[in-house]
Amino acid sequence: MTFIQNIQSAAINSLKEIFNEDFTENDFQVNETKPEFKGDYTIVLFALVKTLKLSPEKLGATLGEHLLKKQSELFSGFNVIKGFLNLELAENQLTNLLNEQYHSESFGFISPTSPKKIMVEYSSPNTNKPLHLGHLRNNFIGWSVAEILKANGNEVIKSSIVNDRGIHICKSMIAWKMFAEGATPESTDKKGDHLVGDYYVKFNDELKRQVEELTQSGKSPEEAEKEAPIMLETQQMLLDWEQGKPEVMELWKKMNSWVYKGFDETYKRIGCDFDRTYFESNTYLLGKDLVQEGLEKNILFKKDDGSIWIDLNEEKLGEKLLLRGDGTSVYMTQDIGLARQKFEEYLLEKSIYVIGDEQLHHMKVLKETLKKLGFPFAEDIFHLSYGMVELTTGKMKSREGTVVDADDIVDEMISTAAQHTEELGKVKDFSEDELRELYEILGLGAMKFYLLRVDPKKRMVFNPDDSIDFHGFTGPFVQYTYARIQSILRKIQADGYDINSEENSVKEDLLPLERELIITLEKYKNALADSAKELNPALIATYVYQLAKLYNSFYSEHSVANAESESKKILRVRLSVMTANIIKSALSLLGIQVPDRM
RNA sequence: GGCCCCGUAGCUCAGUUGGAUAGAGCAACAGCCUUCUAAGCUGUGGGUCACACGUUCGAAUCGUGUCGGGGUCACCA
């Protein structure tokens, strides 16, 4: 039970006793009390006023008095201002938290109410180009959402579908054949994904050149693009691939293996992992039989050219092609098949797709199509759509090379971390290895926090000219707070203080910042539950920042090691340890590590 | 054009199922290190919540319309 839940049920009981009316927690709100008023939590009375036919002031006074009398272990005071009943929590409630939960490893973690088996599909890269900033947002969101769901007691399978075939892959292959003169990652000393990406850009340059030539000789731009020799060659290559022509397959395997090696390096570095990887080259034929069945059941219809469609006009989604006239599949075909395979393979109760919001329409169509085809799991697929990362200088476009490369930005963040650290000069005794580790922790911490602190659904803007900050609402700020606490703990332990002692219990008049800190620590449970419910890591980021900020105020105001009294010291050590534990736990859900010193 | 999303401080973002005087960070300015790490703390300035009307005890939040931005409506992936 959280404080808020305690207050809700206490209020429900009191209302029942006073007025003999039944209310639920949905009938009224319990908010945090605004700082300008006295109190910790506030019951908003307006909603109750209607059914009880009392003035807000009268209701507030009656309810407040009843709560204070009947629930004296919960509350120590109240005041009513307009329609707001401000409640003060009893100090025992607060100190109990420090006594009871201090030694608990799982502080904050919720026992699952209804654990589910959930798949989170994320990352899902194309193998024709390296990852960029937008992919990083996808990776961090997907990974973090999976961890948050786990922390809420669910069983989670992280998966990825690698788009390793198709016309776009052939583009890189054709350009490599034309221009590379046999270049390999080894011969060029370049990461494989970057090498392949270079030829994807080259393809588009060459295509543009050929289109210009053709338009000058009188073709329309559309014709020119279709008839450009390099495009014709690419289409031929796609046909050859589908027929398994050895020479093409060999090149495809070779270039993809370069890319995988590059991706693996990047994934390892940013801490992404998958329990199950699907490859489009294995799944692209899935779903064909399901479409045929749908046709036989008259759920789908056939056009004159033999192509098979679904009519989603009722859902305002138009008509959608599911199988071409020549019997080959489109993207939607395999998505239908793969959706089913996932549910059958893992007996999932929920399947989450972390995909950009540009595919909102596609994902709606997928869901509706699955519904019409009669799959009950259609209700359990969820598109976690996230907004694109845009640059202040415009949109990122791989084919034009105007992207912020993932490896580059991570390098940059780590070297910025190194630069800051050197300037501050606090860890001069660190070894080379220790320094390298610290720089990675800080650089990646800044990067991940930056991308995760924004609501996934919203698009966000990145200014490539400004480096990502290390001050304020940032990962390093929170990491710094953790390191500060570790420093205190090192000091007092060196002086012989046993931070794990169970003998002392906290009994103390709480100062305002101490009180506030306990209340904030207690809210970690809420942050965890909310972030899982909303599939939103930003709620964790916001929470942990608020906690760190509050601790820093506390830190500058009160001394832990040299507290005014021994009992104050016990209290503050516990506050510090719990703050550190929650920071570590919360950041770990964002994929961010904490340093003991920085 | 149809459908969907967005518009909050100079910039980047919070703002819970409608709740009290709309909050942070960055940037600017002024303070704070002989005492646990100044990657910090304290304070100041900065707002027509795009605009208009409506719903009600109460609207940044809900509704309608207007303006502005984005996405999508492929036998691309």
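Residues numbered from 1 in each chain as written. Chains lettered and ligands numbered in written order. Predicted model: local features only at pLDDT ≥ 70, side-chain atom pairs only at ≥ 80, totals over all residues. Heavy atoms only, no water.

(A) Molecular detail of the overall build of chain A. The number of helices and strands found in chain A is 22 helices and 14 strands. With respect to the three principal axes, the spread of C-alpha positions in chain A is 85 × 65 × 45 Å. Here chain A holds 598 residues, and the buried ones make up 54% of them. Nonlocal contacts in chain A, meaning residues at least 24 apart in sequence, comprise 73% of its contacts between residues at least 6 apart. Here chain A has roughly 28,400 Å² of accessible surface; of this, 47% comes from carbon and sulfur atoms. The distance from the centre of the 72 positive side-chain charges to the centre of the 95 negative ones in chain A is 3 Å. (Helix = DSSP H or I, 4+ residues; strand = E, 2+ residues; numbered from the N terminus. Buried < 20%, exposed > 50% of the residue type's maximum accessible area, 1.4 Å probe, protein only. Contact = heavy atoms within 4.5 Å. Areas by Shrake-Rupley, 256 points an atom, 1.4 Å probe, with all protein chains shown as cover. Lys, Arg positive; Asp, Glu negative; His and termini not counted. Charge placed at Lys NZ, Arg CZ, Asp CG, Glu CD.)

(B) Quick look at the sheet that holds strand β1 (residues 29-32). Strand order in the open sheet formed by four strands is β1-β2-β4-β3, with antiparallel pairing between adjacent strands. Because the sheet does not close on itself, it has two edges, and the strands there are β1 and β3 (75-81). Neighbouring strand axes in the sheet, compared pairwise and without regard to direction, differ in orientation by 25 degrees on average. With four bridges joining them, β1 and strand β2 (residues 41-44) adopt antiparallel strand pairing. Looking at β2, one finds that V30 is bridged to I43. (Pairing = 2+ DSSP bridges. Axes fitted to C-alpha atoms, helices over the stretch in contact; angles between N-to-C directions.)

(C) Structural detail: the pattern of salt bridges. Taken as a whole and judged by the stated rule, the model has 34 salt bridges. Across the pair E564 and R572 runs a salt bridge whose closest N-O atoms are separated by 2.8 Å. Accessibility expressed as a relative area gives 58% for E564, which makes it exposed. Assessed through its relative accessible area of 0%, R572 is described here as buried. Salt bridges here are not isolated pairs; linked through shared partners, they connect E147, K150, K158 and D273. (Salt bridge = Lys/Arg side-chain N within 4 Å of Asp/Glu carboxyl O.)

(D) Fine view of empty space enclosed by the protein. Summed over the entire model, instances satisfying the criterion amount to two cavities of 30 Å³ or more. A volume near 40 Å³ is recorded for the second largest cavity. Taken together, F140, W143, I270, G271, C272, K448, L590 and G591 form the lining of the second largest cavity. Taken together, the residues of the lining of the second largest cavity sort by class into five nonpolar, two polar and one charged. (1 Å grid on protein atoms, 1.4 Å probe; cavity = no way out; pocket = protein on both sides within 12 Å on 5 of 7 lines; lining within 4 Å. Points joined across faces, edges and corners; volume = space filled by probe spheres on them. Nonpolar A, V, L, I, M, F, W, Y, C, P; charged D, E, K, R; others polar.)

(E) Quick peek at the nonpolar core. Counting residues in each nonpolar core, the largest one holds 157 residues, and the members touching the most others are I43, L133 and L136. For this core, the leading source of residues is helix α22 (residues 566-589), giving twelve residues. Each residue touching L133, except ones within four places of it in the same chain, is listed here: V389, M396, V404, A406, I409, M447, L451 and F462. Core analysis: the next-biggest nonpolar cluster, separate from the first, contains 33 residues, M332, I336, Y346 and F377 among them. (Core = buried A, V, L, I, M, F, W, Y, C linked by side-chain atoms within 4.5 Å.)

(F) Expanded view of the protein's contact with RNA strand B. The environment of RNA strand B is made up of 62 residues, and the closest members are D305, K426, Y480, S487 and H558. Protein-adjacent atoms of RNA strand B, using a 4 Å cutoff, are sugar or phosphate at a proportion of 60%. A distance of 3.0 Å is found between a base nitrogen of RNA strand B and a backbone nitrogen or oxygen belonging to V560. Sorting the residues of the surface near RNA strand B by element identifies β2, β4 (84-89), α6 (167-179), α15 (360-372), α16 (406-424), β14 (460-462), α18 (475-494) and α21 (538-557) as the ones contributing at least two each. Sort the elements by how many residues they give to the surface near RNA strand B and α18 lands first, with seven residues. Looking at the surface near RNA strand B, its residues break down into 24 nonpolar, 19 polar and 19 charged. (Near = heavy atom within 4 Å. Polar contact = N/O pair within 3.5 Å; in protein donor to acceptor, adjacent residues only side chain to side chain.)

(G) The arrangement of the packing of helix α5 (residues 133-151) against helix α20 (residues 524-534) in detail. One can describe the packing of α5 onto α20 by two numbers: an axis separation of 9 Å at closest approach and a directional angle of 125 degrees. The angle between α5 and α20 falls in the class oblique. Crossing of α5 over α20 shows left-handed handedness. Where α5 approaches α20, its residues I148, L149 and A151 are matched on the opposing element by L528, S531 and A532. Here the residues of the contact of α5 with α20 are counted per class, giving five nonpolar, one polar and no charged. (Parallel < 35°, antiparallel > 145°, perpendicular 65-115°, else oblique. Left-handed = near helix turned anticlockwise from the far one by under 90°.)

(H) Molecular detail of the confidence of the model for chain A. This prediction gives chain A a mean pLDDT of 92; 98% of its residues lie at or above 70. Model confidence for the complex: the whole-complex pTM is 0.95, and ipTM, which rates the interface, is 0.96. (pLDDT = per-residue confidence, 0-100.)

(I) Broad picture of the pairing of strand β10 (residues 318-323). The pairing of strand β9 (residues 308-312) with β10 spans five bridges and is classified as antiparallel. Counterpart to L312 in the pairing with β10 is G318. In textbook terms, the turn of a hairpin is the stretch between consecutive antiparallel strands, and for β9 and β10 this stretch comprises five residues, one of which, K316, has a positive phi near 60 degrees.

(J) Just the sheet that holds β9, in detail. Reading across from one edge, β8-β9-β10 is the order of the three strands in this open sheet, with antiparallel pairing throughout. The open sheet terminates on both sides in strands that have one partner only, identified here as β8 (301-302) and β10. Where β8 and β9 come together, two bridges link them in antiparallel fashion. Among the inter-strand pairings, K302 is bridged to a residue of β9, identified as I308.

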